[in-house]
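Descriptive structure summary
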Amino acid sequence: MSEMTHVWIDGGIQVPLHRHLLVVYRRVVDRYRFASFLAEGLRQGDLCVYLAPGPMQLEMSEVLDGLGIPVDGYRQRERLFFPNPANSREQIWDYARRVFEKAEKTQAPCVRWLEEISWVRPEESTLDEYYKFDASLNYLVKHYPSLALCQCDLNLLESGPGLSPLVLHRHLVIGNDLVQDNPFYISPEKFVRMSAQERQAEIFRVLHDFRYDVDELLEALRGYGRLAYPEGDSKSHLRPTPPNVPPRGPAT
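These numbers were taken from a predicted model, which means no experiment stands behind them. (Residues numbered from 1 in each chain as written. Predicted model: local features only at pLDDT ≥ 70, side-chain atom pairs only at ≥ 80, totals over all residues. Heavy atoms only, no water.)

**Some details on the packing of aromatic side chains**
By the definition in use, this model includes six aromatic pairs. Their ring planes at 85 degrees and their centres at 5.9 Å tell us that Phe184 and Phe210 sit as a pair that is edge-to-face. In this pair, Phe184 sits in the loop between strand E9 (177–179) and helix H7 (188–193) while Phe210 sits in the loop between helix H8 (196–209) and helix H9 (214–227), placing the two residues 26 residues apart along the sequence. This pair shows no difference in class: Phe184 is buried, exactly as Phe210 is. The ring of Tyr74 carries the charged tip of Arg77 above its face, separated from the ring centre by 4.7 Å. (Phe/Tyr/Trp six-rings, centres within 6.5 Å; stacked < 30°, edge-to-face > 60°. Helix = DSSP H or I, 4+ residues; strand = E, 2+ residues; numbered from the N terminus. Buried < 20%, exposed > 50% of the residue type's maximum accessible area, 1.4 Å probe, protein only. Lys NZ or Arg CZ within 6 Å of the ring centre and 35° of its normal.)

Shown next as structure tokens:
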């Protein structure tokens, strides 16, 4: 394996490995913004995964083809994987585990995971599967050089429990801003143990602080990312809290 420690993603954002990030977007054109993230990885020998509904997989294939990536060839060599998101999350978890095992066996420099989470719906059964899988993906990225990007279309997830991805990811990408330490973060492991009422109360508490204006919440998070000291800085305990971000106790 290489000694790579960071990956550059679109927007000039440098992200350390062993990260699991949420990327939020509103425009359909931004859904394939990180095709270059997969293309670069394939060219350098990484294992790449794109987890998304079938029509999005076809569109991603076309985008990658436009970037000079022979999708079928990489799939035949088992470097690019398009798992079926219609499977239960238990099956997806097993699939993800096998991808990481293959990376270790073949000494791939990195695993690049790009996931479109528009499948998440407010139904509690669907959300439970999501929380459990998110916790599992956290575990995998910590144990192998990897970077996982979970994309969220805010037009679909703009109300109530559907916004849970915003509190379930410690690291966020909003526009061209990287938020290294989400002040509203709750670990998926903790969320799994909470009751439905507790989860809903937590999410609505965050929304209430911003008058239920998601755009205002996102702008506050972007401001927090710009003001916070870089991760690992000796002054990180002195990170300022920007306007409109209510103070919160340390994440668990």
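This is not the end of the story, as more comes after the structure.
**Describing unusual backbone geometry**
Even without a glycine there, the phi angle at Gln107 is positive, about 55 degrees. Looking at the element boundaries, Gln107 is found in the loop between helix H4 (89–106) and strand E6 (111–116). Backbone geometry places Arg211, a non-glycine residue, at a positive phi of 55 degrees. Counting through the fold element by element, Arg211 comes out in the loop between H8 and H9.

**Section: the state of the cysteines**
Enumeration according to the criterion identifies zero disulfides in this entry. Cys110 carries a free sulfur, and the closest cysteine sulfur to it, the one in Cys48, is 7.8 Å from it. In this structure Cys150 is a free cysteine whose sulfur lies 9.7 Å from that of Cys152, the closest cysteine sulfur available. (Disulfide = S-S within 2.5 Å.)

**Thoughts on the sheet that holds strand E8 (residues 171–174)**
With mixed pairing, seven strands are arranged side by side in an open sheet as E5-E4-E6-E7-E3-E8-E9. Each edge of the sheet is formed by a strand with only one pairing partner; in this case those strands are strand E5 (80–81) and E9. Its contacts with the sheet place H9 against strand E3 (19–25), E8 and E9, and it is angled at close to 80 degrees to E9. (Pairing = 2+ DSSP bridges. Contact = heavy atoms within 4.5 Å. Axes fitted to C-alpha atoms, helices over the stretch in contact; angles between N-to-C directions.)

**Topic: H9**
Across its 14 residues, H9 extends 20 Å between first and last C-alpha, which sits within 8% of the 20 Å expected from 1.5 Å per residue. Buried within H9 are the following residues: Val214, Glu216, Leu217, Leu218, Ala220, Leu221, Gly223, Tyr224 and Gly225. On its buried side, H9 packs onto E3, helix H6 (164–168), E8, E9 and H8. Here H9 starts with a cap whose side-chain oxygen sits 3.0 Å from the backbone nitrogen of Asp215, and that cap is Asp213. (Expected span 1.5 Å × (residues − 1). Polar contact = N/O pair within 3.5 Å; in protein donor to acceptor, adjacent residues only side chain to side chain.)

**Looking at the side chain of Gln57**
Its place among the elements puts Gln57 in helix H2 (residues 54–66). For Gln57, a relative accessible area of 12% gives the class buried. Non-local contacts of Gln57, meaning those with residues more than four positions away in its chain, are made with Tyr50, Ala52, Phe82, Pro83 and Pro85.

By themselves, these figures tell us nothing about what the structure is for.
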